[in-house]
Amino acid sequence: MVNIPKLRRTFCRYKECKRHTQHKVTQYKAGKRNPKALGERRYHMKLRGFGGQPKPVFRKAAKTTKKQVLRMECQSCHKKKQITLKRCKHFELGGQKKRKGQMIQF
């Protein structure tokens, strides 16, 4: 189980800062797909008419986990950057820290 704090002091690479600053951490979530995007329009044009499914539909999902992506916003310059974490089954943002000798509660 991975537990990440909601605030993290890390390096801001943009020219306004160029130093370690406080960053607000959120979990990245993919946005809604735009039906007017060129790839989406092209795909739906290919689906029309005869010929069946033009592109392969992925069905053999072998992975049981996903790589987690953190979206970090600098508190001073408000620029955002993304950091990829390793694969994990349980991901928690801003949960309680583990204490020594205490049981974990789910």
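See the structure shown above.
The paragraphs below set out a description of the structure included in this document. (Residues numbered from 1 in each chain as written. Predicted model: local features only at pLDDT ≥ 70, side-chain atom pairs only at ≥ 80, totals over all residues. Heavy atoms only, no water.)

## Topic: a positive patch on the surface
Here is the rule: The patches reported here contain residues having more than 30% relative accessible area and no salt bridge. Joining distances are 9 Å for like charges and 5 Å for nonpolar side chains (Val, Leu, Ile, Met, Phe, Trp, Tyr). For accessible areas, the Shrake-Rupley method is used with a probe of radius 1.4 Å. Any residue's cover is judged against the shown protein chains and nothing else. Salt bridges are identified by distance alone: a Lys or Arg side-chain nitrogen within 4 Å of an Asp or Glu carboxyl oxygen. All tallies of charge rest on Lys and Arg as positive and Asp and Glu as negative; His and the ends of each chain are not included. Taken as the charge centre is NZ of Lys, CZ of Arg, CG of Asp or CD of Glu, depending on the residue. By the criteria applied, helices consist of DSSP H or I runs no shorter than four residues and strands consist of E runs no shorter than two, each listed in order from the N terminus. Burial status follows relative accessibility: with a 1.4 Å probe on protein chains alone, a residue under 20% of its type maximum counts as buried, one over 50% as exposed, and anything between as partly exposed.
A contiguous patch of positive charge on the surface is contributed by Arg41, Arg42, Lys46 and Lys55. Along the chain, the position of Arg41 falls in helix H1 (residues 38-47). Residue classification places Arg41 among the partly exposed positions, given a relative accessible area of 45%.

## Things to note about the packing of aromatic side chains
Using the following cut-off: Stacked, edge-to-face and tilted are the three classes for Phe, Tyr and Trp ring pairs, Trp counted by its six-membered ring, which pair at centre distances within 6.5 Å; planes under 30 degrees apart are stacked, over 60 edge-to-face, the rest tilted. Put simply, a charge is over a ring when the Lys NZ or the Arg CZ is close to the ring centre, within 6 Å, and near the line of the ring normal, within 35 degrees.
Under the definition given, this model contains zero aromatic pairs. Of note, Lys79 hangs over the ring of Tyr14, and the distance from its end group to the ring centre comes to 5.5 Å.

## Things to note about the sheet that holds strand S4 (residues 66-74)
To be explicit about the condition: Only when DSSP finds a minimum of two bridges between them are two strands counted as paired. Axis angles are defined between N-to-C directions and span 0 to 180 degrees, where every axis is a line fitted to C-alpha atoms and, for a helix, only to the segment in contact.
Taken together, the four strands give an open sheet; going across it, the order is S2-S3-S4-S5, and neighbouring strands pair in antiparallel fashion. Strands with a single pairing partner mark the edges of an open sheet, and in this sheet they are strand S2 (7-12) and strand S5 (80-88). On average, each strand axis in the sheet is inclined to that of its neighbour by 45°, with strand direction left out of account. Bridging between S2 and strand S3 (residues 19-27) involves six bridges; their strand directions are antiparallel. Residue Arg9 lies in a different strand from S3, and its bridge partner there is Gln22.

By themselves, these are just geometric observations and shouldn't be taken as functional.
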